[in-house]
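For reference, the chains in residue letters:
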Amino acid sequence: MSKTRPDYDPQLETSLASAIKGKITAYGNAAQEYAFIGSKMPEDHEVIEENFKIARYNLERTILTHHDKAAKRFAKAVCAMFEDDRGWSVTDLDGAEEFFALIGFKPPKAATTVE
């Protein structure tokens, strides 16, 4: 990201994924165009409205995808800690089963087997 942009302030920088930042920019651009829809030709209104809806959808999907990937990486790492311990199951953790269901993750059998 260029540090010479007029809207750049290093104190307002976040560690948000660049894919999400890109979708925020696209959504902002579509929102600006939509805000001035009245000054556009009537035949362009439908495309402007559709671009605005698509930009919002793309932003939401990118956020969900990014979070889903992170959640599944975390779940896999937690399961790995239980794979060699036959005295405990990863599902013994409070809320684990609900979390796995929420993110659509099936823990490996080695992490849930108790002897």
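Structure report, in brief. (Residues numbered from 1 in each chain as written. Predicted model: local features only at pLDDT ≥ 70, side-chain atom pairs only at ≥ 80, totals over all residues. Heavy atoms only, no water.)

## Some words on a negative patch on the surface
The grouping of Asp92, Asp94, Glu97 and Glu98 at the surface amounts to a negative patch. With respect to the element layout, Glu98 can be found in helix α3 (residues 96–103). (Patch = residues over 30% accessible without salt bridge, like charges linked within 9 Å, V, L, I, M, F, W, Y side chains within 5 Å. Areas by Shrake-Rupley, 256 points an atom, 1.4 Å probe, with all protein chains shown as cover. Salt bridge = Lys/Arg side-chain N within 4 Å of Asp/Glu carboxyl O. Lys, Arg positive; Asp, Glu negative; His and termini not counted. Charge placed at Lys NZ, Arg CZ, Asp CG, Glu CD. Helix = DSSP H or I, 4+ residues; strand = E, 2+ residues; numbered from the N terminus.)

## Section: the side chain of Thr62
Tracing the backbone shows Thr62 in helix α2 (residues 45–82). On the accessibility criterion, Thr62 (17% relative accessible area) is buried. Non-local contacts of Thr62, meaning those with residues more than four positions away in its chain, are made with Ala19, Ile20 and Lys23. (Buried < 20%, exposed > 50% of the residue type's maximum accessible area, 1.4 Å probe, protein only. Contact = heavy atoms within 4.5 Å.)

## As for the side chain of Ser89
The residue Ser89 is located in the loop between α2 and α3 in this model. At 2.7 Å, the side chain of Ser89 and the side chain of Thr91 are in polar contact. If sequence neighbours within four positions are ignored, Ser89 has contacts with Phe82, Ala111, Thr112 and Val114. (Polar contact = N/O pair within 3.5 Å; in protein donor to acceptor, adjacent residues only side chain to side chain.)

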